[in-house]
There are 2 protein chains.
Amino acid sequence: MIKTREDALALDRDDPLAPLREQFSLPDGVIYLDGNSLGAQPRASAARAQQVIGAEWGEGLIRSWNTAGWFALPRRLGDKLATLIGGAPGETVVTDTISINLFKLLSAMVRHQAERAPERRVIVSERSNFPTDLYIAQGLIEQLGGDYELRLIDDPADLPGALGADTAVAMITHVNYRTGYMHDMPAVTQLVHDAGALMLWDLAHSAGAVPVDLNGARADGAVGCTYKYLNGGPGSPAFVWVPQRHHAHFSQPLSGWWGHRAPFAMQPGFAPDPGIARFLCGTQAIVSMSMVECGLDVFLQTDMQAIRRKSLALTDAFVALVEARCAGLSLKLVTPRAHHQRGSQASFEHPHGYEVMQALIARGVIGDYREPYVLRFGFTPLYTRFADVWDAVETLRDILATDAWKAPEFAERGAVT
Amino acid sequence: MIKTREDALALDRDDPLAPLREQFSLPDGVIYLDGNSLGAQPRASAARAQQVIGAEWGEGLIRSWNTAGWFALPRRLGDKLATLIGGAPGETVVTDTISINLFKLLSAMVRHQAERAPERRVIVSERSNFPTDLYIAQGLIEQLGGDYELRLIDDPADLPGALGADTAVAMITHVNYRTGYMHDMPAVTQLVHDAGALMLWDLAHSAGAVPVDLNGARADGAVGCTYKYLNGGPGSPAFVWVPQRHHAHFSQPLSGWWGHRAPFAMQPGFAPDPGIARFLCGTQAIVSMSMVECGLDVFLQTDMQAIRRKSLALTDAFVALVEARCAGLSLKLVTPRAHHQRGSQASFEHPHGYEVMQALIARGVIGDYREPYVLRFGFTPLYTRFADVWDAVETLRDILATDAWKAPEFAERGAVT
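Going by an unreviewed UniProt entry, chain A carries the name Kynureninase and comes from Burkholderia paludis. The record held by UniProt for chain A lists under Subunit (unreviewed entry) the comment "Homodimer." Note on chain A: under the UniProt heading Function (unreviewed entry), the record states "Catalyzes the cleavage of L-kynurenine (L-Kyn) and L-3-hydroxykynurenine (L-3OHKyn) into anthranilic acid (AA) and 3-hydroxyanthranilic acid (3-OHAA), respectively."

Set out below in structure tokens:
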């Protein structure tokens, strides 16, 4: 238990991951607790981008599709990423956005069910899921003519009752973006399989944040993003994972030329690639994609178990300090205390959460606000220190104790909140 | 008519666009005639990427979604791009890939027709269209359950006969990727409207290459890419244009959170943005997208009429020189001679086109090869000189006259050909 800033500094001195912080460029005067929204910049990223822009694009021009390996990049980076999520080689591609990959995968699963069990027309998800997941399911259902249903549960405990002989797919986000609640991936996957449905995991807040073993859990597909815990850069391309056993019978409707068996044969009829490349569609944003590798390369210097140990120590310390030092200041923990139910964040409700977060950001403690009421703090073991935890809590305590958040400028809402 | 290299140099001296070449970084010893596949690098791109990676991502972190204008980028760049294609403000977004944008727009159009004229279930296109366009239409039709038909014509003259009371959408690429044939946009659009169908243009080989006036032609929608003539960088995001009169009733199924009316309200139900932002889906690759602006900014220093004049002069000169200097060497022009039917390229068939192109590339004359038989040369008036035309033809002549293309190394096929 941290009682003083000295205690925190001592933990940092003993932290085996501490040296990795040097591989990130972080601004002075900032405590960054929003790596779950946009990861920090690996120092290697700027040089890598310059190489792609200068030598590969500028000098190599069109030849770089072959000579610099651009065309293979989605698969090569996918294989590197797969080591963090329990995927086998050839099962993952880095491509497009998480919303688009969700549409591909959900479409493929629904269609596969329509072929083998046409009575299965329900997609089960959580009302508290990140909204874009629900929007994509709604868009797909509308496109399919409305014969499908999106069934939303209000509590994880309601899942067994929502699954049945009518269920095609369960689409669940492993770690909730708002509360940090983490599902038991093997148990939920088993439950969904027992009901005869397919299991689609959204790993947006899991990849690089917590250990994930998709093949160990026998999941049927997953999507995730690279710009949060994986530190790929703003809006860096997302990923999609499909286990080998499903490649032959999962077809997705965004059947662009990059998913074709022979993209450069220029045949008028579509024939999907036999493997994971069938989940590709069009030409990828190579500069943004190249930087994904710089983020992944930091992870290869450690392992997800070490990251998990520090993540839990950071969130434990943060929760304990907030509850000790900010007692009576209207904060309420919404992240589970149980380790097995917690991702790599800690969220607190406050009746004026928006204003409090603006006041924190003004003092250089960057978390974010999520409707309604939630102050969200992400903990990224590669570059977050125990001293940051101490300092963040002290700043929060001061803002609440002095009512500093009541200053009128903190009530103004920007375009992106 | 160019008779000597001196004639070509004289044309370069008189070329009002010649100074713009200085704004591009081009390798020594290369004549680049493949800007229709991947545009050259504007010198401003590297510095812009460094700004986004360093100051905006590294220092600004999550705050840059607001402070650096990342969230507004698809619309802001869309408005800039719209000036090159005859779009009004608020009608264009830069986002995703051309294949994905085609899926969005084709879905929206088919659905709109299903609501007002359900008997219209045919998508008309050309067999010679770039394959991904056809693949996307096939993927959509399969997704919709097969009640739709993709009707392919073999010759532009067959279009009137292919349109009728069953036609929902005509999806035509304005300039053919292989031959460079250019359709008459206003006339074709009128023909399609007369048949009661909607007109979707693919501008992949038009935007930045030839003058385009989408609103003047009363087109119903368009997609295009930024990495060819617009010089946005490898795989830089594509664009989608929809005229304002269609915004309210075009719904697309990739309904991710960026297309929501209030993305950060985090509501579980999707409600589309009232304007063009409804064609956005997920979080965009900001570094790659930011560089699109560097390409667009070069165009703002001239105009499409001046670019068109030089483009036609370059392709006229190239065709005339090839036919004069390579006579009897088995080359056959497949690009129309008539100016009003020609994009900004010149393509020749040769029975060993692949090997000839590899030999050209080995000598620093970079065009590309397109199945079957076609040597394709793109002319980009912002950075291509008349002397390049002369030198390229002389290299081609020498390779053909000496059978240099028969060297065994030129027969080996790379992954991307």
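From this point on, the discussion continues.
1. A few points about the domain arrangement of chain A
Residues and elements named next belong to chain A. Considered domain by domain, chain A is made up of domain 1 (5–42 + 303–410) and domain 2 (69–300). Averaged C-alpha coordinates put domain 1 and domain 2 at centres separated by 29 Å. Facing the 37 residues of domain 1 at the interface are 24 residues of domain 2. Here domain 1 and domain 2 share an interface that buries about 2,400 Å² over both sides, 59% of which is from carbon and sulfur atoms. Here domain 1 and domain 2 share one salt bridge between them. With a closest N to O distance of 3.7 Å, glutamate 349 and arginine 178 form a salt bridge. Joining domain 1 to domain 2, the criterion identifies 15 residue pairs in polar contact (both at pLDDT 80 or more). Looking at the side of domain 1 that touches domain 2, the element that brings in the most residues is helix α12 (residues 304–325), giving five residues. Tallied by class, residues from the side of domain 1 that touches domain 2 come to 14 nonpolar, 16 polar and seven charged.

2. Looking at the sheet that holds strand β12 (residues 345–349) of chain B
Residue and element names in this part refer to chain B. If you walk across this open sheet you meet the four strands as β11-β12-β15-β14, and the pairing is antiparallel. On the outer flanks of this sheet lie β11 (332–333) and β14 (368–370), each paired with one strand and no other. Across two bridges, the pairing between β11 and β12 is antiparallel. Counterpart to lysine 332 in the pairing with β12 is glutamate 349.

3. Some details on the nonpolar core
Core analysis: the biggest nonpolar cluster contains 225 residues, and A:Trp201, A:Leu214, B:Trp201 and B:Leu214 have the highest contact counts within it. If we ignore the near neighbours within four places in the chain, the residues touching A:Leu214 are A:Ile85, A:Gly86, A:Met185, A:Trp201, A:Leu203, A:Ala219, A:Ala222 and A:Trp241. One finds B:Ile31, B:Phe318, B:Phe377 and B:Trp390 within the second-largest nonpolar core, a separate group that totals 36 residues.

4. Here's the deal with the pattern of salt bridges
Taken as a whole, this structure holds 50 salt bridges over all chains when the rule is applied. A salt bridge links A:Lys80 to A:Glu293; the shortest N-O distance between them is 2.7 Å. Of this pair, A:Lys80 sits in helix α4 (residues 73–85) while A:Glu293 sits in helix α11 (residues 286–299), placing them 213 residues apart in sequence. In this structure, the salt-bridge partner of B:Arg21 is B:Asp388, at a minimum N-O distance of 3.8 Å. Taken together, the positions of B:Arg21 in the loop between α1 (5–14) and β1 (24–25) and B:Asp388 in helix α14 (residues 386–401) put the pair 367 residues apart, joining distant regions of the chain.

5. Some words on the UniProt feature "binding site: pyridoxal 5'-phosphate" (unreviewed entry) in chain A
In the UniProt entry, the feature "binding site: pyridoxal 5'-phosphate" (unreviewed entry) is given for A:Ile98, A:Ser99, A:Phe130, A:Pro131, A:Thr132, A:Asp133, A:Thr173, A:Asp202, A:His205, A:Tyr227, A:Trp257 and A:Thr283. With a sequence span of 186 residues, these residues are also far apart in the fold, their greatest C-alpha distance being 30.3 Å. The annotated residues contributing to the lining of the largest cavity are A:Thr283. By the secondary structure assignment, A:Ser99 is in helix α5 (residues 98–116). Judged by relative accessible area, A:Ser99 falls into the buried class, the value being 0%. The residues contacting A:Ser99, other than those within four sequence positions of it, are A:Thr132, A:Ile136, B:Gly256, B:Trp257, B:Cys281 and B:Gly282. Structurally, A:Tyr227 is set in the loop between β9 (221–224) and β10 (239–241). Judged by its relative accessible area of 11%, A:Tyr227 falls in the buried class. Those residues in contact with A:Tyr227 that lie beyond four places of it in its chain are A:Ser37, A:Leu38, A:Gly39, A:Gly232, A:Gly233, A:Gly235, A:Ser236 and B:Thr283.

6. Things to note about the relation of the copies chain B and chain A
Rotating chain B by 180 degrees and translating it 0.0 Å along the rotation axis places it on chain A, where the RMSD comes to 0.0 Å. Seen this way, the second copy is the image of the first under a two-fold rotation axis. Minimal C-alpha separation from the rotation axis in chain B is found for B:Ser288, amounting to 2.7 Å.

7. Digging into the sheet that holds strand β4 (residues 92–94) of chain A
Residue and element names in this part refer to chain A. A sheet is described by the order of its strands in space; here seven strands give the open sequence β4-β10-β9-β8-β7-β5-β6, paired in mixed fashion. The open sheet has two edge strands, β4 and β6 (149–153), and neither has a second partner. Direction aside, the axes of adjacent strands within the sheet are offset by 15 degrees on average. In the sheet, strand β8 (residues 198–202) pairs with β9 via three bridges, with the strands oriented parallel. Looking at the pairing, leucine 200 lines up with glycine 221 of β9. Packing of α4 onto the sheet brings it into contact with β4 and β10, and relative to β4 it is tilted by some 120 degrees.

8. Side note on the packing of aromatic side chains
Aromatic ring pairs are defined here through the distance separating the ring centres and the angle between the ring planes. This structure, assessed with the given rule, holds 27 aromatic pairs over all chains. Taking the centre distance of 5.3 Å and the plane angle of 65 degrees together, the rings of A:Phe270 and B:Tyr135 count as edge-to-face. One end of the pair, A:Phe270, is in the loop between α10 (244–247) and α11; the other, B:Tyr135, is in helix α6 (residues 131–143), on a second chain. Residue B:Tyr135 is classed as buried on the basis of its relative accessible area, which comes to 0%. Here the aromatic cluster, defined as three or more aromatic residues joined through ring pairs, consists of A:Trp65, A:Trp70, A:Phe71, A:Trp257, A:Trp258, A:Phe264, B:Phe130 and B:Tyr177. The ring of A:Tyr148 is capped by A:Arg121, whose NZ or CZ atom sits 4.8 Å from the centre of that ring.

9. A closer look at the UniProt feature "modified residue: N6-(pyridoxal phosphate)lysine" (unreviewed entry) in chain A
Residue and element names in this part refer to chain A. Residues given the UniProt feature "modified residue: N6-(pyridoxal phosphate)lysine" (unreviewed entry) here are Lys228. In this fold, lysine 228 is placed in the loop between β9 and β10. Residue classification places lysine 228 among the buried residues on the basis of a relative accessible area of 11%. Apart from residues no more than four positions distant in its own chain, lysine 228 is found in contact with Gly35, Asn36, Ser37, Gly39, Ala204 and His205.

10. Some thoughts on unusual backbone geometry
Residue A:Pro372 follows A:Glu371 across a cis peptide bond; omega there is -20 degrees. Along the chain, A:Pro372 turns up in the loop between β14 (368–370) and β15 (374–378). The backbone phi angle of B:Asn231 is positive, close to 60 degrees, even though this residue is not glycine. Relative to the helices and strands, B:Asn231 resides in the loop between β9 (221–224) and β10 (239–241). Unlike most non-glycine residues, B:Met266 shows phi in positive territory, near 55 degrees. When you line up the elements, B:Met266 lands in the loop between α10 (244–247) and α11 (286–299).

Each value, and the rule that gives it
Residues numbered from 1 in each chain as written. Chains lettered and ligands numbered in written order. Predicted model: local features only at pLDDT ≥ 70, side-chain atom pairs only at ≥ 80, totals over all residues. Heavy atoms only, no water. UniProt positions renumbered as here; feature names shortened; annotations may be inferred. Domains from an automatic or database assignment. Contact = heavy atoms within 4.5 Å. Buried area = accessible area lost by both parts, 1.4 Å probe. Salt bridge = Lys/Arg side-chain N within 4 Å of Asp/Glu carboxyl O. Polar contact = N/O pair within 3.5 Å; in protein donor to acceptor, adjacent residues only side chain to side chain. Helix = DSSP H or I, 4+ residues; strand = E, 2+ residues; numbered from the N terminus. Nonpolar A, V, L, I, M, F, W, Y, C, P; charged D, E, K, R; others polar. Pairing = 2+ DSSP bridges. Core = buried A, V, L, I, M, F, W, Y, C linked by side-chain atoms within 4.5 Å. Buried < 20%, exposed > 50% of the residue type's maximum accessible area, 1.4 Å probe, protein only. 1 Å grid on protein atoms, 1.4 Å probe; cavity = no way out; pocket = protein on both sides within 12 Å on 5 of 7 lines; lining within 4 Å. Least-squares fit on C-alpha atoms with pLDDT ≥ 70 in both. Axes fitted to C-alpha atoms, helices over the stretch in contact; angles between N-to-C directions. Phe/Tyr/Trp six-rings, centres within 6.5 Å; stacked < 30°, edge-to-face > 60°. Lys NZ or Arg CZ within 6 Å of the ring centre and 35° of its normal.

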